[in-house]
Amino acid sequence: MYSTTHFHSTTHEVLCIASGRARLCFGGEDNPARVETEVKIGDVIIIPAGVGHKLLQDLDSGFEMVGSYPKGKDWDMCYGREDEKANIEAIKDLAWFDKDPIYGDEGPALQVVCGSV
């Protein structure tokens, strides 16, 4: 994960922590409602398109993760700049996952409806 807050407007993202531990920020560091959390090997995180995320600290100097995206989707990099308004507007038209990225045909990711669980 990058040390600069960014988000994706073309797809949702699944992060799998492969090694180490890290502190991550979701929602943007200037957002009072942001979430800062520690992740470790084996954790899986689903990040909806449009949610800013950033690496705050590699806690073990060995943090590695794998990012993946739904089949057929390409990711982009957005930073909330003025020239990205069309990208941001398009997020509302993205479909959610057809299958839970971890559990397949059934799973908690499929219970998300209109931004709530």
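Please read all numbers here as calculations on a predicted model, not as lab measurements. (Residues numbered from 1 in each chain as written. Predicted model: local features only at pLDDT ≥ 70, side-chain atom pairs only at ≥ 80, totals over all residues. Heavy atoms only, no water.)

Caption draft 1: Here's a closer look at the pairing of strand β4 (residues 44-47). Here β4 shows a buried face lined by Ile45 and Ile47 and an unburied face lined by Val44 and Ile46. Examined bridge by bridge, strand β1 (residues 13-19) and β4 share 4 bridges and lie antiparallel to one another. By the bridge assignment for β4, Leu15 is matched with Ile45. (Buried < 20%, exposed > 50% of the residue type's maximum accessible area, 1.4 Å probe, protein only. Helix = DSSP H or I, 4+ residues; strand = E, 2+ residues; numbered from the N terminus. Pairing = 2+ DSSP bridges.)

Caption draft 2: Broad picture of the packing of aromatic side chains. Applying the stated criterion across every chain yields a total of 2 aromatic pairs. Considering the side-chain rings of Tyr69 and Trp75, the 6.1 Å spacing of their centres and the 25 degrees angle between planes classify their relative orientation as stacked. Look at Trp75 and you get partly exposed, because its relative accessible area is 43%. Plain terms: the ring middles of Trp96 and Phe97 are 4.9 Å apart, the flat faces sit at 80 degrees to each other, and that makes the pair edge-to-face. We classify Trp96 as partly exposed; its relative accessible area is 25%. Judged by its relative accessible area of 12%, Phe97 falls in the buried class. (Phe/Tyr/Trp six-rings, centres within 6.5 Å; stacked < 30°, edge-to-face > 60°.)

Caption draft 3: Structural detail: the sheet that holds strand β2 (residues 21-26). The 3 strands lie next to each other as β3-β2-β5, forming an open sheet whose pairing is antiparallel. Of all strands in the sheet, those bounded by a partner on one side alone are β3 (35-40) and β5 (53-58). Strand-to-strand twist of the sheet, defined as the mean angle between neighbouring strand axes without regard to direction, takes the value 30 degrees. Relative to β5, β2 runs antiparallel, the two being bridged by 5 bridges. Among the inter-strand pairings, Leu24 is bridged to a residue of β5, identified as Leu55. (Axes fitted to C-alpha atoms, helices over the stretch in contact; angles between N-to-C directions.)

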